[in-house]
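So you can see what is in the structure, the chains are spelled out below.
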Amino acid sequence: MIKAVMVINTLGKPRLSKFYEFQPAEKQQELIRHVYAVLSNRPDNVSNFVRSLGTIFGPDTRLVYKHYATLYFVFLFDNSENELAMLDLIQVFVETLDKCFRSVCELDVVFNYSKMHTILDEIVLGGQVLETDSVEVMRAVEEISKLESSTSAGTLIKKSIPSWWAR
Amino acid sequence: MAGPSLLDSLFQRSLDDLIKGLRLYVGDETSFISKAVDEIRREIKSTDQQTKATALQKLTYLHSIHGVDMSWAAFHAIELSSSQSFNFKRIAYLAASLSFDPSTTDVILLLTHQLRKDLQSPNSHEVSLALHALYFISTPDLARDLTPEVFTLLNSNKGSTRKKAIAIILRLFGLYPDAVRVCFKRLVENLENSDPAIVSAVVGVFCELACKEPKSYLPLAPEFYKILADSRNNWLLIKVLKIFVKLAPLEPRLGKRLVEPICDHLKRTGAKSLAFECVRTIVSSFSEYESAVRLAVGKIKEFLNDDDPNLKYLGLQALTVVAPKHLWAVMENKDFVIRSLSDADANIKLEALQLVLAMVSEDNVVDICKVLINYALKSDPEFCNEILGCILLTCSRNVYEIIMDFDWYVSLLGEMSRIPHCQKGEEIENQLVDIGMRVKDARPELVRVGRDLLIDPALLGNPFVHRILSAAAWVSGEYVRFSKNPSEILEALLQPRTSLLPSSIKAVYIQSAFKVLTFYLHYSISTKGVIPSASQGVADLMHGSVEENSQFVKTGHTDDGGLNPRMLHRPVRDVSVESFEDMSVAHEWLSSTSSKVEPITEESIVNILNLVETTLGPLAGSHEVEILERSRNVLGLVELIREELPGYLVKREEDNDKGQRKTHEMIKLIAEAFSEELGPVSASSQERVPMPEGMVLNQSLDDLDAICGGLVLHIPTSFSLGRSISSEKDDVTMSDRQNKEEFESTESTSLLAEHRKRHGLYYLQSQKKEIVYDDYPPANDLKTGENADDEADDLIKLTEQSLFPKKKANQAKPRPVVVKLDEGDGSFIPAKKVESKDDLISGAVRDVLLGDEATTSSSRMKSDKSSSKRRQKDKLNIDKSSGPKEDSKSMENSEQENALRRSRRHSRGKEKKHISTPKDRDEHEVGDKQKVSHHHGKHKSRQRADGALTLAAQSPVIPDFLL
């Protein structure tokens, strides 16, 4: 299963992190720092796998990352996933982001924190890959944002009108 | 409350504002964040949902990105989750899933009702939110309470919901094994679904389950096989292959069926991920199918020649897997592997290194190590140490199995120690000492290498080499009889720069100096034409003074400080015999080499004694007890000799008066004690020492207090003693500082000059290597063409051979004897204990698959009576809810039954072929149960079907419709 998904920028700032086994906040930060330290030491044009992650993760945890512009997209997983498939999955994730935000850049990722989670949740649930078609993901995400805007509009009305009036 | 809340909501900062603020803020982020958190603490209490939601969203962001604690806000998230608004609900569930800790957040239970409601919601996105949250926060209680809802969702007609429910089921099984009984069947049914996404989700779940305990899922092999044969979905196929990797070792007949479709996929697919998975499956699980392996290796070759470093890396990785069984595959790609050692990618380099070492055998170990050492010299420190570590590991495998020429290996170890980045001191130390003890023939070379290391003052400055030096010192002391020039070693051991060593190693140095000094003195006595009297001493020892000898052996033990315990358990007679042998060996050697070495004069002895005294004098007041004791031992010996020194050597022949003889006798005895053989000791030998009778190890030592009570009074005296020591020491250091300076000025220059003269500058690495290599012929040559000493060695070897009959014979080139321990040196690996939870799951799975729900242990029934009650209730609910589908379900059931009956017929046909008493018994049991059970007709039929499954599954083979 997938153990964690992280998006870290090239300066080491986390942009998104999701751990599929509970980790306390300090531990999460430590893991992110550790991963960044490993990645930032790797030159470009080398393989996208990191095998020796030290003892922080389990012994058979592997890491796949991809470097896009100013961001590292990182997937951590155990040996019931295929490395190349995970690489493809990063591609799917990034493609979907690209479609959602129309040529995605780091700022989009920064300011659309919850949408990032929505997209990721459509692709991965509980460490299991559920959807690998970015069109399908897009459809679901659009439905959700429609749902969001409609309900939040409703609350806006509710908020401005006193409760006795609404009745 | 309304006032502030309204104000808050009007001027509240949104998440975007917070992020912008953070980005613009210059200076310490933490102060900004703590201010923001204070703000959030206020806002989150608001009764207005919008305000609360925004506050919670901000807090979640800060928690997830900046690691801010938000455990205090758990209740607010739960509050908000009941909101009507999808948006707020989403924010609440996201907060919950990112921050709740299932083991400590106690308010989670309050969510049960809300989650249940949302799981039943008609809006699939709401269901999805609840499922996500359930995955992250579920506790055993929550899992138990919500299992029925998830069970219902397993049949949802919306594909997206159904697959999400399937994905979540894994977590429920893990937390609440009884959920297996409820959901497993429906999960299996979903394998037949026409939607590949759903099948993929189910297979994903089984892949995880099979990783933990593959055996229970063997009966499902036919279903997986069908997917493997029919599906064209790469994700799905990868997961199925992963499952089969787990199942294959359990059922050898699977291989025959599986190899063909896997090879087909491998030939057909253009997807690299699937191709790699096929390759990995073949090389790891089906390596006995030659043609499949050839195909896989062909694919690996394609990967290696690809430009993508990922494929190169994975190709090498696959080769590593294939290497143990099909070394030809590595050999075919040898050039590529060697070239990869200098790749830019660290991953590829490491993988290549593993492969290079996989190719090592007795014949090429020398060449490969030479190549690797060259690479190590060129590469960065990290990889250099990686290489060295791998060489050390490979060469020492199975007690140096592949080493034929130990002289070469020992000099290689010496060479490694001098590589500038070398940080493998500990391992090299262990191997040097280990070889010394195990391989007699390697000892002369060991001493030579040890001498080269010791004599080099530059090495003392490198803390990574200290451990190696410790081994070198020990070896030179222990096997000093092979040394060409003991006084030189003594000088090296006492050189001034040894002050740079840590105290534990310094102690080894001093102890070694003790041994060398003893040997030197003993040698000085015996070379003065007194060989007869020496052997007479040995003869004395043989006759009369056995007790004395054993006494000395014991003191030898205590001196040794536990570095390498002598063989205590050996009978005394053995010891004396062997020491006699050793002695004669030493004597013969001495007599044969004495002509080469300059004769020892009284003057040289005086010089040596002076050197020892000036160096060790200051250490006699050391705070380190090891150093203190050992240096005092040496000084004691020096004092003893000094008393007798006038005419120590000259008068020896004419004067036989007692005093002199006593000294000589003493030296002889010490030397004999030291020349006793040390052997390797098994790590578990301590356990095998029988406990003496009447000894109670776990006796309470409380009584000691009463006895020791009197002793406590003496503390003041020990205080005064301490002071006296320190003052004494002050004096000593005062006087010795001068001595030391003198000594340094003379000795260090002489040493350095010596060292340079015979050694060349070690900084000229490459040249030096050759010198080392050519200086001495390998041991084997030495043995064939030299002197009497070797005959004795051969003798020892012969006896050794009779002692250790199980070693390899009939090798073309004689390999030195390597002493092995009886039960192997491998450490004991405790059997892995299976986690109880997994046990529960697999137990439940077996129960479901085998259908004997009735056999659930009564204890479990008792322990969660409530839960089982609820389960029954749930079942009823389910039956009601799935009322309209009842017909189709029963249809399915009967179909299934038919299939199973078919399988039963098959297995019955088989029964003739092999005896299957346990199966029969099972059948009886099932039959009995059926009689006992009070279920109505439908249940009965299901159970019968399950009974058939029992047969299929409990027999050690797979149902025949696969094979």
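Residues numbered from 1 in each chain as written. Chains lettered and ligands numbered in written order. Predicted model: local features only at pLDDT ≥ 70, side-chain atom pairs only at ≥ 80, totals over all residues. Heavy atoms only, no water.

As annotated in an unreviewed UniProt entry, chain B carries the name AP-3 complex subunit delta and is attributed to Datura stramonium. Here is the UniProt Subunit (unreviewed entry) comment for chain B, exactly as written: "Adaptor protein complex 3 (AP-3) is a heterotetramer." Its UniProt record gives chain B a comment under Sequence similarities (unreviewed entry), which states: "Belongs to the adaptor complexes large subunit family." (UniProt positions renumbered as here; feature names shortened; annotations may be inferred.)

Chain A goes by AP complex subunit sigma in an unreviewed UniProt entry, where it is assigned to Datura stramonium. For the record of chain A, the UniProt heading Sequence similarities (unreviewed entry) holds the text "Belongs to the adaptor complexes small subunit family."

Enquirer: What is the right way to look at the overall build of chain B in this model?
Expert: For chain B, the count of helices and strands is 48 helices and 0 strands. When the 963 residues of chain B are sorted by exposure, 51% land in the buried category. Counted over contacts in chain B with a minimum sequence separation of 6, partners at least 24 positions apart contribute 72%. Working note: accessible area of chain B is about 46600 Å², and carbon and sulfur atoms make up 55% of it. (Helix = DSSP H or I, 4+ residues; strand = E, 2+ residues; numbered from the N terminus. Buried < 20%, exposed > 50% of the residue type's maximum accessible area, 1.4 Å probe, protein only. Contact = heavy atoms within 4.5 Å. Areas by Shrake-Rupley, 256 points an atom, 1.4 Å probe, with all protein chains shown as cover.)

Enquirer: Would you mind going over the overall build of chain A with me for this structure?
Expert: Of the regular secondary structure elements, chain A holds 6 helices and 7 strands. The secondary structure elements of chain A, listed N-terminal to C-terminal, are β-β-α-β-β-β-α-α-α-β-β-α-α. Across the 167 residues of chain A, 54% fall into the buried class.

Enquirer: Before we go on, may I ask you to explain helix α4 (residues 113-123) of chain A in this structure?
Expert: The periodicity of an α-helix, 3.6 residues per turn, causes residues three or four places apart in sequence to face the same way. Here α4(A) lies mainly inside the structure; 10 of its 11 residues are buried. For α4(A), the complete set of buried residues consists of Tyr113(A), Ser114(A), Met116(A), His117(A), Thr118(A), Ile119(A), Leu120(A), Asp121(A), Glu122(A) and Ile123(A).

Enquirer: I tried to follow unusual backbone geometry on my own but got confused; where do I start?
Expert: With the exception of glycine, the majority of residues adopt a negative phi angle, and the majority of peptide bonds are in the trans configuration. One non-glycine residue, Asn45(A), lies in positive phi territory at about 60°. Residue placement: Asn45(A) occurs in the loop between α1 (25-40) and β3 (49-50). Residue class for Asn45(A) comes out exposed when judged on its relative accessible area of 74%. Not every positive phi belongs to a glycine, and Tyr400(B) is a case in point at roughly 55°.

Enquirer: Whenever I open this one, the pattern of salt bridges confuses me. Can you help?
Expert: Proximity of charged atoms lets side chains of opposite charge pair with each other. Within the structure shown, the criterion is met by 37 salt bridges over all chains. In this structure, Arg181(B) and Asp178(B) form a salt bridge, with 3.2 Å as the shortest nitrogen-oxygen distance. Note on Arg181(B): relative accessible area 8%, which makes it buried. Across the pair Glu613(B) and Arg642(B) runs a salt bridge, and its minimum N-O distance is 2.9 Å. A residue pair is termed long-range when its members are at least 10 positions apart, and Glu613(B) in helix α34 (residues 602-616) and Arg642(B) in helix α35 (residues 625-644) qualify at 29 residues. Owing to a relative accessible area of 27%, Glu613(B) belongs among the partly exposed residues under this scheme. Exposure remark for Arg642(B): the relative accessible area of 28% places this residue in the partly exposed category. Connected through salt bridges with shared partners, the residues Arg62(A), Glu83(A), Lys242(B), Glu277(B) and Arg280(B) form a single ionic network. (Salt bridge = Lys/Arg side-chain N within 4 Å of Asp/Glu carboxyl O.)

Enquirer: Just checking my understanding: could you explain the packing of aromatic side chains for this structure?
Expert: In this description, a pair of aromatic rings is defined by centroid distance and the angle of the planes. All names here are of chain B. One pass over the full model with this rule turns up 21 aromatic pairs over all chains. Taking the centre distance of 5.0 Å and the plane angle of 50° together, the rings of Tyr25 and Phe32 count as tilted. Here the aromatic cluster, defined as three or more aromatic residues joined through ring pairs, consists of Phe184, Phe206, Tyr217, Phe224 and Phe244. In this structure, Arg186 is placed above the aromatic ring of Phe151, and the distance from its NZ or CZ to the ring centre is 3.9 Å. (Phe/Tyr/Trp six-rings, centres within 6.5 Å; stacked < 30°, edge-to-face > 60°. Lys NZ or Arg CZ within 6 Å of the ring centre and 35° of its normal.)

Enquirer: What is the right way to look at the sheet that holds strand β1 (residues 2-9) of chain A in this model?
Expert: The 5 strands are arranged β2-β1-β5-β4-β3 (chain A) in an open sheet whose pairing can be described as antiparallel. The sheet is open, and its two borders are formed by β2 (14-19) and β3 of chain A, each paired with just one other strand. (Pairing = 2+ DSSP bridges.)

Enquirer: How should I be thinking about the nonpolar core in this particular structure?
Expert: When a protein is soluble and globular, its nonpolar side chains tend to lie buried together. In terms of nonpolar packing, the biggest core is built from 280 residues, with Phe93(A), Phe184(B) and Phe206(B) touching the most fellow members. The leading source of residues in this core is helix α30 (residues 503-527) of chain B, at 14 residues. Apart from the residues within four sequence positions on either side, Phe93(A) is in contact with Val7(A), Leu16(A), Phe73(A), Phe75(A), Met116(A), Ile119(A), Leu120(A) and Ile123(A). Counting 16 residues, the second largest nonpolar core, distinct from the first, contains Ile8(A), Leu31(A), Leu63(A) and Val74(A). (Core = buried A, V, L, I, M, F, W, Y, C linked by side-chain atoms within 4.5 Å.)

Enquirer: What's the story with the side chain of Arg162(B) in this structure? I'm lost.
Expert: Residues and elements named next belong to chain B. Residue position: Arg162 is located in helix α10 (residues 159-175). Although Arg162 is buried, it makes no salt bridge; Glu189 carries the closest opposite charge, 7.5 Å away. If sequence neighbours within four positions are ignored, Arg162 has contacts with Leu153, Leu154, Asn155, Ser156, Asn190, Asn193 and Ile198. (Lys, Arg positive; Asp, Glu negative; His and termini not counted.)

Enquirer: Please explain the packing of helix α25 (residues 406-417) of chain B against helix α26 (residues 425-438) of chain B as it appears in this structure.
Expert: For any two helices packed against each other, one specifies the inter-axial angle together with the distance between the axes. All names here are of chain B. Close contact between α25 and α26 brings their axes to 11 Å; oriented N to C, the two are set at 155°. On the basis of their axis angle, the class for α25 and α26 is roughly antiparallel. In this structure, α25 crosses over α26, and the sense of that crossing is left-handed. Of α26, the residues touching α25 (which contributes Phe406, Tyr409, Val410, Leu413, Met416 and Ser417) are Ile428, Gln431, Leu432 and Ile435. (Axes fitted to C-alpha atoms, helices over the stretch in contact; angles between N-to-C directions. Parallel < 35°, antiparallel > 145°, perpendicular 65-115°, else oblique. Left-handed = near helix turned anticlockwise from the far one by under 90°.)

Enquirer: In this structure, what is going on with the confidence of the model for chain A? I would like to understand it.
Expert: Low-pLDDT stretches of the model should not have their predicted coordinates read in fine detail. Chain-level pLDDT for chain A is 85 on average; 87% of the residues reach the 70-or-more range. For residues 154-167 of chain A, every residue scores under 50 in pLDDT, and the model assigns this stretch 7 contacts once sequence neighbours within four places are set aside. (pLDDT = per-residue confidence, 0-100.)

Enquirer: Which parts of the structure should I look at to understand a nonpolar patch on the surface?
Expert: A contiguous nonpolar patch, built from Met691(B), Met695(B) and Leu697(B) and spanning about 330 Å² of accessible area, is present on the exposed surface. In this structure, Met691(B) sits in the loop between α37 (685-688) and α38 (703-712). (Patch = residues over 30% accessible without salt bridge, like charges linked within 9 Å, V, L, I, M, F, W, Y side chains within 5 Å.)

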